[in-house]
Structure formats: C-alpha cells, structure tokens
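Observations on the three-dimensional arrangement
Chain by chain, the residues:
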Amino acid sequence: MIEMLNKIYWFFSPFVSPEEKRIYKILHSQNPQVEIRSLMQSNIFKLCVYLEYFSKGYKRLNKNNRKQLYRSVDFLRVEFLKFLKESQYDRTNKLRFFELLKDFLHSSKRYEYQESTFLGGMQNPHKLVGDCNQIVTLYVYLWSLIFDVSELKIKLPSNHIVLSYKNTDIEATNGSITKNYSKLPSLDIIELITVNLLDVNDFREKVSQVKPRDTLKISELAFAISSNSEIVRKNLKIAQDNLALLYLKKNNFKQAIALFKLSSNEKMIENACSMAVEFFVAKKKFRKALKYASKNSKLIKFVRSNWVVKLVEKFKFKKAMKVSKGNSELVKFINQSEYKWILEKLPHEFDEKLIIKFQSKIQRAYTLADRLGDKQNKKLLSKLIR
C-alpha cells in the first residue's frame, strides 16, 4: 500500500526524485553552500540538470526527459566503472584517471563538442553532446565516483572553463593536458555550479518563461555559494543582460528594463525604453508609451506628436490640444487642421438663415484665422459674426 502511494505521489509530483526535491529546498535555504557541496559529491550531474531546468526553463528538460537523462548518466556510471576495472586502474595514480577519461569519452568518439549547448545533450550515453561547461560537469561527476570532488579546481579563461587538479590543467573538451592557463588563478570547484547557473541559454532550445522570482532565487544562490564576488558579479551581469534581451524579443519591456537596471546597463535601458515607446505607439497605446518615455524629451515629443496626429484624424481637436501640452509646433498643427476642417464644413455662399445655423463654426473659424494670421479670411468671417 505504501509503495503504491509512493508511486502515485511521484507520478503527480513536479519532481523526478527525492534528490530533486532536496535541490528545490536548497534554493530557498538561508545557507545553501554545505548542501550544495554534499550534492556535488553524491551526484553533481543531477544537481546541475535540475538547476538548469529551474533556472533556464528548457522545455526539453521536462520531467520525462530528466528521467531519461538520469538513466543515461547511470548507464554511463556503470560503463565507466567497468572500463576502469578492465583497464586495471590503480587509484593511487590520479593523473592516470584523466588519461582513462580521455580514452573513455574522446578517443571512443562518445563525446562531441557543441558550443553554447545544455545538459539535455547528454541524453544519449553513446553520443554525448555538450560545450565546456557540460563536459567539465561530466568529468567532475565521473571523478566523484571514486574521489573527493573538493580535490578539483576550475579556471575561467574568457568564455571558457578548464578543469584543474593540483598543478595540472585539463582541457575537458578534448581530454588533453594544457599549459595555456598556468597564470590564471585556480578556483574552488563550487564555482562550477555558479558558472552553470549563470551560463547563457542554448539558442537552439525552446524555453518556457522563467518567473522573475525564480530568476532572483538563482541569482541569490549564485551569490551565496560563490567565494569570488567579482566573477559572480560579472557573470550575473551577463546573465541578466541575456535574459533581458530574451524578454525584449518577446516585447516584455517591463521585465527587460528591470533586469537591465539590475545589471546597471544604462545604454540598454535607454534602448529598451525606445523600443517600448515605438511598440506601443504603433499599437496606438499612447498612455503606455508615455510611461516608457519617462523623462526623455525626444521620446515624449515622439509619443505626443503621434498621439496628436491620431486625435486630429478623428477630429478630436480639444483632446489633441490637451495632449500637445502647449508644444508650439503641435498647437499650430492642431489649429491648422481644425481651421481647414471647419472651412470645409462651411457653405460657399451664405444667407441670413445659414449664417445663424453655422454661427458657432463661423466664430471658431474667426478665432483660428486670427491665431494663424489669415487676415483675408478673418476679415470675411468678421462680417458673418452675429
């Protein structure tokens, strides 16, 4: 009975396993670093898959696909341990471990490099696809099957990540030992989680919109676990700007601007406001456009000019005058438009009856003729005023 209830629970649960539920709770923890380190040792792959699903919203990381990913890495674990046994691996020689990793993943063509991808590319254990982040994560996972993950470090060249053990740097994308990054500082392995959290989205993948509060949780987690605030700040700024650009593409200007403000990207705030103004003006939502124009005089003029033109087209001259806010160019345009409209409505010839009938329009036309300096018509209209 209990087993049946458990099956029902996990069927309807948003989580695949108790580990995922534990990771979710860590996102809401006040001191997550100890828990994160523990999960890195027990199964860093599951940790990173769930965090990627939570933070990026990849549709291909749904519940069923995450199950398949976990099965894939379990199969990989069995295959790798079998490979080590057949290779008669001596655990005291830890550098030899990386040579065997190269044979297992690279020489066998089991792994294929693909830039800016996500952990969903690891779904087929016979054809693993990923970029430097994903392959380093996999290296750390396979290392954790035998050794303590805290023995490993990472280095962060520009737009790249390299695994480091003692004084040896490993280029995980091809399994080679490298000396290209000897001058870079070695960072605690927990920074790998931070880098994964703040990595850019795979542009090839469909994503669901991540809730702003979830984005905030991920940012807070990155700050909480990182020992290097400068790296986090730099990566967080990039992540915020990339997410903001995604919102911009979807015309979600409010969220985009909020994220650009978090990253202090003044230029993109200005661009986003301009895009929002143009978008809402095109939709004839002028009040909303004005909100995004804020205190930018050029944007305000652009909104009010278009709004006035639209009102004039509907012959709403009084409202247009209010919208113009006393702008001399707009006021002149409104007066000219109303004047032309009234003159077209007036008869070409008048008798006393028509003079009385059109008296209000005659008086208004006289006022506008005076404002616009039309002395000839003003003189003619003055004779019709009663």
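Overview of the structure. Counting from 1, residues in each chain are numbered in the order their sequence is written. Reporting of local features is limited, given that this is a predicted model, to residues whose pLDDT is at least 70; pairs of side-chain atoms are given and counted only at 80 or more, and all residues count toward the totals for whole chains, interfaces and linings. Just so you know, side-chain values use all the structure's heavy atoms and leave hydrogens and water out.

**Let's talk about empty space enclosed by the protein**
If a probe as big as a water molecule is rolled over the atoms, it shows which places are left empty. Selection rule: Buried and open spaces are told apart on a 1 Å grid over the protein atoms alone, a cavity being a set of points where a 1.4 Å probe fits but cannot get out and a pocket being an open set with protein on both sides within 12 Å along at least five of seven lines. Residues with an atom within 4 Å of a point are the lining residues. Grid points are joined across faces, edges and corners, and a volume is the space filled by probe spheres set on the points. The way it works is that DSSP assigns letters per residue, a run of H or I at least four long becomes a helix, a run of E at least two long becomes a strand, and they are numbered from the N terminus. All amino acids are sorted into three groups, where Ala, Val, Leu, Ile, Met, Phe, Trp, Tyr, Cys and Pro are nonpolar, Asp, Glu, Lys and Arg are charged, and the leftover types, Gly among them, are polar.
Evaluated as defined, the whole model comprises one cavity of 30 Å³ or more. Approximately 60 Å³ is the volume found for the largest cavity. Along the walls of the largest cavity sit Cys 48, Leu 51, Glu 52, Ser 55, Lys 56, Leu 119, Ile 193, Asn 196 and Leu 197, which together make up its complete lining. Sorting the residues of the lining of the largest cavity by element identifies helix H3 (33-56) and helix H7 (191-197) as the ones contributing at least two each. Element by element, the count of residues in the lining of the largest cavity is highest for H3, at five residues. Looking at side-chain class alone, the lining of the largest cavity contains five nonpolar, two polar and two charged residues.

**Here we look at the pairing of strand E5 (residues 168-171)**
Short version of the rule: Accessible area is worked out with a 1.4 Å probe on protein chains only. A residue is then buried under 20% of its type maximum, exposed over 50%, and partly exposed in between. Here the rule is simple: two strands pair whenever DSSP picks up at least two bridges between them.
Side-chain alternation along E5 places Thr 168 and Ile 170 on one buried face and Asp 169 and Glu 171 on a second face that is also buried. Relative to E5, strand E4 (residues 162-165) is paired through three bridges, and the arrangement is antiparallel. Its bridge partner lying in E5, Leu 163 is registered against Ile 170.

**Concerning helix H5 (residues 94-107)**
Heads up, the condition is: What a helix should span is 1.5 Å times the count of its residues minus one.
Taking 1.5 Å as the rise per residue, H5 with 14 residues should run 20 Å; its terminal C-alpha atoms sit 19 Å apart, in good agreement. All of the buried residues in H5 are Phe 97, Phe 98, Leu 100, Leu 101, Phe 104, Leu 105 and His 106. Phi for Lys 109, located one or two positions after H5, is positive at around 65°.

**A word on the packing of aromatic side chains**
This is how it is decided: Aromatic contacts are taken between Phe, Tyr and Trp rings whose centres are within 6.5 Å, Trp giving its six-membered ring; a plane angle under 30 degrees counts as stacked, one over 60 as edge-to-face, and the others as tilted. Lysine NZ or arginine CZ positioned within 6 Å of the ring centre and within 35 degrees of the ring normal marks a charge as sitting over the ring.
Counted by the stated rule, this structure contains 26 aromatic pairs. Pairing Phe 98 with Trp 143 gives two aromatic rings, centres 5.3 Å apart and planes at 15°, and the pair type is stacked. Taken together, the residues span a long stretch of sequence, with Phe 98 in helix H5 and Trp 143 in helix H6 (residues 132-144) at a distance of 45 residues. According to the relative accessible area criterion, Trp 143 is buried, its value standing at 0%. With a centroid separation of 5.1 Å and 85° between ring planes, the pair formed by Phe 279 and Phe 280 is classed as edge-to-face. Residue class for Phe 280 comes out buried when judged on its relative accessible area of 7%. Ring pairs connect the aromatic residues Phe 80, Phe 83, Tyr 89, Phe 97, Phe 98, Phe 104, Trp 143, Phe 147 and Tyr 165, which therefore count as one cluster. For the cation-ring pair, Lys 46 lies above Tyr 70, with the distance from its terminal atom to the ring centre recorded as 5.2 Å. The residue whose ring lies beneath Arg 110 is Phe 104, and the NZ or CZ to ring-centre distance is 4.3 Å.

**With respect to the side chain of Lys 46**
Keep this limit in mind: Two residues form a contact once any of their heavy atoms are found within 4.5 Å.
Topologically, Lys 46 is positioned in helix H3. Assessed through its relative accessible area of 15%, Lys 46 is described here as buried. Those residues in contact with Lys 46 that sit more than four places away from it in its chain are Glu 19, Ile 23 and Tyr 70.

**As for the state of the cysteines**
Threshold: Here, two cysteine sulfur atoms that lie within 2.5 Å of each other are counted as a disulfide.
Applying the stated criterion to the full structure yields zero disulfides. Of the cysteine sulfurs around Cys 48, a residue in no disulfide, the closest is that of Cys 132, at 13 Å. The class of Cys 48 is buried, set by a relative accessible area of 5%. Overall, Cys 132 belongs to the buried group, its relative accessible area being 7%.

**Observations regarding the pattern of salt bridges**
We count it as follows: One side-chain nitrogen of Lys or Arg within 4 Å of one carboxyl oxygen of Asp or Glu is enough to make a salt bridge.
All chains considered together, the criterion is met by 13 salt bridges. One salt bridge in this structure joins Asp 74 and Arg 77, with 4.0 Å as the shortest N-O distance. Residue Asp 74 and its partner Arg 77 are located together in helix H4 (residues 63-86), separated by three residues, close to a single helical turn. Residue Asp 74 is classed as partly exposed on the basis of its relative accessible area of 30%. Residue Arg 77 is classed as partly exposed on the basis of its relative accessible area, which comes to 30%. With a closest N to O distance of 4.0 Å, Lys 127 and Glu 112 form a salt bridge. With Lys 127 in the loop between strand E1 (111-113) and strand E2 (128-130) and Glu 112 in strand E1, this residue pair connects regions lying 15 residues apart in the sequence.

**Re the packing of H3 against H6**
As a reminder, the rule being used: Every axis corresponds to a line fitted to the C-alpha atoms, with the helix fit spanning only the stretch in contact, and the corresponding angles, defined between N-to-C directions, vary from 0 to 180 degrees. In this scheme, roughly parallel covers angles under 35 degrees and roughly antiparallel covers those over 145, while 65 to 115 is roughly perpendicular and the rest are oblique.
Across the interface, H3 lies against H6 with an axial gap of 8 Å and an inter-helix angle of 150°. In terms of their interaxial angle, H3 and H6 are classed as roughly antiparallel. Contact residues: Met 40, Gln 41, Asn 43, Ile 44, Phe 45, Cys 48 and Glu 52 in H3; Gln 134, Thr 137, Leu 138, Val 140, Tyr 141 and Ser 144 in H6. For the contact of H3 with H6, the residue count by class is seven nonpolar, five polar and one charged.

**A word on the environment of Ser 150**
Let me state the cut-off plainly: Polar contact is the term for a pair of N or O atoms within 3.5 Å; when the atoms are in protein, one must be able to donate a hydrogen and the other to accept it, and sequence-neighboring residues count only if both atoms are side-chain atoms.
Relative to the assigned elements, Ser 150 resides in the loop between H6 and strand E3 (152-155). Take Ser 150: its relative accessible area is 41%, and that puts it in the partly exposed class. Spatially, the C-alpha atoms of Ser 150 and Asn 265 are 36 Å apart, while their sequence positions differ by 115 residues. In terms of polar contacts, Ser 150 uses its side chain to reach the side chain of Asp 148, at 2.9 Å.

**Let's talk about the pairing of E4**
Both faces of E4 are covered, namely the face carrying Val 162 and Ser 164 and the face carrying Leu 163 and Tyr 165. Bridge analysis of E3 against E4 gives four bridges, and the strand direction is antiparallel. Following the sheet pairing, Ile 154 is matched in E4 by Leu 163. The hairpin formed by E3 and E4 contains six residues between the paired strands, and Asn 159 there has a positive phi angle of roughly 55°.

So yeah, pure geometry; function would need other evidence.
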